[in-house]
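# Structural description and commentary
Residue strings, one per chain:
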Amino acid sequence: MTQAVPPKGAGPLARREARLAWGLLLPTIAIVSAVVIVPLLSIFWISFKPIGLADLRPPAPVVRESLRGEGEDLRLQYRLRNSSRDVAVTGVTLGDTLPEGLTVRAADDRCEVTDAEIFCALGDLEGGGRDEVEILVATAGGDIDALGDLAEASPPALTGTAPNILTNLDFTLENFARIFDGDEFWGVLGVTLFYTVFGTVGALLFGLFAALLLDTSFKGQGILRGLYLFPYVAPVIAVAFTWIILFDPFSGSANALLLRMGVTENAINFFGDRPLALIMVTVFEIWRYFPLSFLFILARMQSIPEDMYEAADMDGASPFQKFWFLSLPQLMGILSVLFLLRFIWTFNKFDDIFLLTGGNAGTRTLTVNVYEQAFAVSNIGAGAAVAVVIFGCLLIFSAFFFKVISREEGL
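Here is a short report on the structure shown in this document. (Residues numbered from 1 in each chain as written. Predicted model: local features only at pLDDT ≥ 70, side-chain atom pairs only at ≥ 80, totals over all residues. Heavy atoms only, no water.)

### What to know about the overall build of the chain
What the chain contains, in helices and strands, is 14 helices and eight strands. Against the compact-globule benchmark of 22 Å for 411 residues, the chain has a radius of gyration of 34 Å, which places it well outside the compact range. Each principal axis of the C-alpha atoms in the chain carries an extent, and together these give about 110 × 95 × 45 Å. The buried share of the chain, reckoned over its 411 residues, is 36%. Here the analysis covers contacts within the chain between residues at least 6 apart in sequence; of these, 72% occur between residues at least 24 apart. Positive and negative side-chain charges in the chain, numbering 28 and 43 respectively, have mean positions lying 10 Å apart. (Helix = DSSP H or I, 4+ residues; strand = E, 2+ residues; numbered from the N terminus. Rg over C-alpha atoms; globule rule 2.2 N^0.38 Å. Buried < 20%, exposed > 50% of the residue type's maximum accessible area, 1.4 Å probe, protein only. Contact = heavy atoms within 4.5 Å. Lys, Arg positive; Asp, Glu negative; His and termini not counted. Charge placed at Lys NZ, Arg CZ, Asp CG, Glu CD.)

### Overview of the sheet that holds strand β5 (residues 111–114)
Overall, antiparallel pairing links the four strands, which are arranged β5-β6-β3-β8 in an open sheet. Strands at the two margins of the open sheet, each flanked by one partner only, are β5 and β8 (157–161). Across the sheet, the mean angle from the axis of one strand to that of its neighbour is 15 degrees, orientation sign disregarded. The pairing of strand β3 (residues 89–97) with β8 spans four bridges and is antiparallel. Bridge pairing links Gly95 to Ala157 in β8. (Pairing = 2+ DSSP bridges. Axes fitted to C-alpha atoms, helices over the stretch in contact; angles between N-to-C directions.)

### Remarks on the pattern of salt bridges
Tallied over the full model, the rule gives nine salt bridges. Close ionic contact of Arg364 with Glu184 constitutes a salt bridge, the shortest N to O distance being 2.3 Å. One end of the pair, Arg364, is in the loop between α12 (351–356) and α13 (366–376); the other, Glu184, is in helix α4 (residues 184–213), with 180 residues separating them in the sequence. For Glu184, a relative accessible area of 48% corresponds to the partly exposed category. One salt-bridge network, held together by shared partners, links Asp108, Arg110 and Asp131. (Salt bridge = Lys/Arg side-chain N within 4 Å of Asp/Glu carboxyl O.)

### Here we look at the packing of helix α7 (residues 236–246) against helix α9 (residues 276–301)
The geometry of α7 relative to α9 is characterised by a closest axis approach of 12 Å and an angle of 135 degrees between their N-to-C directions. By the angle between their directions, the pair α7 and α9 is classed as oblique. For the element pair α7 and α9, the recorded crossing hand is right-handed. For the pair formed by α7 and α9, the contact residues are Val236, Val239, Ala240 and Trp243 on the first element and Met280, Val283, Phe284, Trp287 and Arg288 on the second. Here the residues of the contact of α7 with α9 are counted per class, giving eight nonpolar, no polar and one charged. (Parallel < 35°, antiparallel > 145°, perpendicular 65-115°, else oblique. Left-handed = near helix turned anticlockwise from the far one by under 90°. Nonpolar A, V, L, I, M, F, W, Y, C, P; charged D, E, K, R; others polar.)

### Comments concerning the sheet that holds strand β4 (residues 102–106)
Across the sheet, four strands lie side by side as β1-β2-β7-β4; this open sheet has antiparallel pairing. The outermost strands of the open sheet, each flanked by one partner alone, are β1 (61–68) and β4. Taken pair by pair, the neighbouring strands of this sheet meet at an average axis angle of 35 degrees, ignoring direction. Here strand β2 (residues 75–82) runs beside strand β7 (residues 130–139); their pairing, made up of seven bridges, is antiparallel. Across the sheet, residue Arg75 finds its bridge partner in β7, namely Leu136.

### Comments concerning the nonpolar core
If you look at the biggest cluster of nonpolar residues, it comprises 20 residues, and the most contacted ones within it are Leu76, Tyr78 and Val133. Every element with two or more residues in this core is listed here: β2, β3, β6 (117–125), β7 and α2 (144–153). Of all the elements, β6 adds the most residues to this core, at four residues. The contacts of Leu76, once residues within four sequence positions are left out, are Glu65, Ser66, Leu67, Leu98, Ile118, Val133, Glu134, Ile135, Val137 and Ala151. (Core = buried A, V, L, I, M, F, W, Y, C linked by side-chain atoms within 4.5 Å.)

### Some remarks on a positive patch on the surface
Taken together, Arg57, Arg81, Arg85 and Arg130 make up a surface patch of like positive charges. Among the secondary structure elements, Arg85 is positioned in the loop between β2 and β3. (Patch = residues over 30% accessible without salt bridge, like charges linked within 9 Å, V, L, I, M, F, W, Y side chains within 5 Å. Areas by Shrake-Rupley, 256 points an atom, 1.4 Å probe, with all protein chains shown as cover.)

### Considerations on the environment of Leu208
Along the chain, the position of Leu208 falls in helix α4. For Leu208, a relative accessible area of 11% puts it in the buried group. A sequence separation of 170 residues divides Leu208 from Val38, and the C-alpha atoms of the two residues are 38 Å apart. Leave out the neighbours within four places in its chain, and Leu208 touches Ile297, Phe323 and Leu331.

### A short note on the side chain of Asn369
Mapped onto the elements, Asn369 comes out in helix α13. Excluding its chain neighbours within four sequence positions, the residues that come into contact with Asn369 are Arg364 and Val386.

### Regarding the pairing of β5
Sheet analysis places β5 next to β6, joined by four bridges and oriented antiparallel. By the bridge assignment, Thr114 is partnered in β6 with Glu117. The loop that links β5 with its antiparallel partner β6 comprises two residues; one of these, Asp115, has a positive phi angle of about 55 degrees.

### With respect to the state of the cysteines
According to the stated counting rule, one finds one disulfide in the structure shown. There is a disulfide in this structure between Cys111 and Cys120, and the S-S distance comes to 1.9 Å. A torsion of 105 degrees about the S-S bond marks the disulfide between Cys111 and Cys120 as right-handed. (Disulfide = S-S within 2.5 Å.)

### What to know about the packing of aromatic side chains
Tallied over the entire structure, the rule returns 28 aromatic pairs. With a centroid separation of 5.1 Å and an interplanar angle of 45 degrees, the aromatic rings of Phe48 and Phe176 are classed as tilted. With Phe48 in the loop between α1 (12–47) and β1 and Phe176 in helix α3 (residues 174–180), the pair connects residues that are 128 residues apart, well separated along the chain. For Phe48, a relative accessible area of 29% gives the class partly exposed. Look at Phe176 and you get buried, because its relative accessible area is 14%. For the ring pair Phe284 and Trp287, a centre distance of 5.9 Å and an interplane angle of 45 degrees mean the geometry is tilted. Linking Phe284 with Trp287, this pair stays in helix α9, spanning three residues, or about one helical turn. By relative accessible area, Trp287 is classed as partly exposed at 26%. Cluster of aromatic residues (ring-pair linked, three or more members): Trp243, Phe247, Phe270, Phe271, Phe284 and Trp287. The ring of Phe171 has Lys49 lying over it, and the distance from NZ or CZ to the ring centre is 4.6 Å. Against the face of Tyr289 rests Arg342, its NZ or CZ located 4.4 Å from the ring centre. (Phe/Tyr/Trp six-rings, centres within 6.5 Å; stacked < 30°, edge-to-face > 60°. Lys NZ or Arg CZ within 6 Å of the ring centre and 35° of its normal.)

Listed below in structure tokens is the structure:
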């Protein structure tokens, strides 16, 4: 009778190793979750909130203390205001300690004075409301300016309660309704897709072309490779302003050359006219990021065995046939990965367009829309809603992409 052999990895040693591996991975998983998941959940939370830029600071009473007057009119003055213009703060109280050298002569009816301690129950402070508390004080002849500095140096203690729009359970769909209302969103989405698709495909094609040029050894090959990397490694603000100056309609070299050659009779506003501005920012995207594709494609091409090309030469294959039937199938894996990464990165691209056009002249993408909603219009909720839409679009694209790839690979 044969004894059953336990499956591989089911022994106590394997289980201890698995627990140890998970224990070592746990800190990394926790850090990645905190860095990625928590901000993502925060964006989802804010997208369902009617929150503006001013609402990021919770409503609270704010006070300014000062010592005013002199002689019989010397008074300690507290000026209060509600930091929120819409939400009331209830149960506002004020507590302070008088600096040495000051004594209370008369106090506000809402205040109690015990020795040098002041406590005032001020009730509710409406949204945008203001209040003022004055306490008449006397001095034994000290420097009033110095006493005033001492009073302001020790800020009073304020308390009050108010609902925080960030943490309450009031949700709304107004942000998403505002986004999808009208044709503006679909126009912005169309611009984003044009910029992303043509920018991604163009960067891959130019990267592939550059890799084919430098796949053979020749004198100066290393220098040319370094020059190819310049657009990618140069600071984006430097190259963006270089393009703006180069294509300036009044003093740009490109317009001067076109006018001198007789190609055009009037100066062309490359970054100010529709649809030329969108084409220009797309060309800038291709020029700036094709070196990344070039590096990956060239590395993959140089790993293809030379025996395949030697056999193809013996069979009389043309250069195009060798590329189409030998090189391209070997490059499909890296091209697929590059397309996925470049699509996601370009879809999320903000700085290039913002530096070149500011989102004007038909170049407003979804990421620029996030900035405008959140900071230009001061509607943080709407900006977060656009960010959620971006996340949803990329999620749908990634699912579709992996489904197509798995079908191609027969998985």
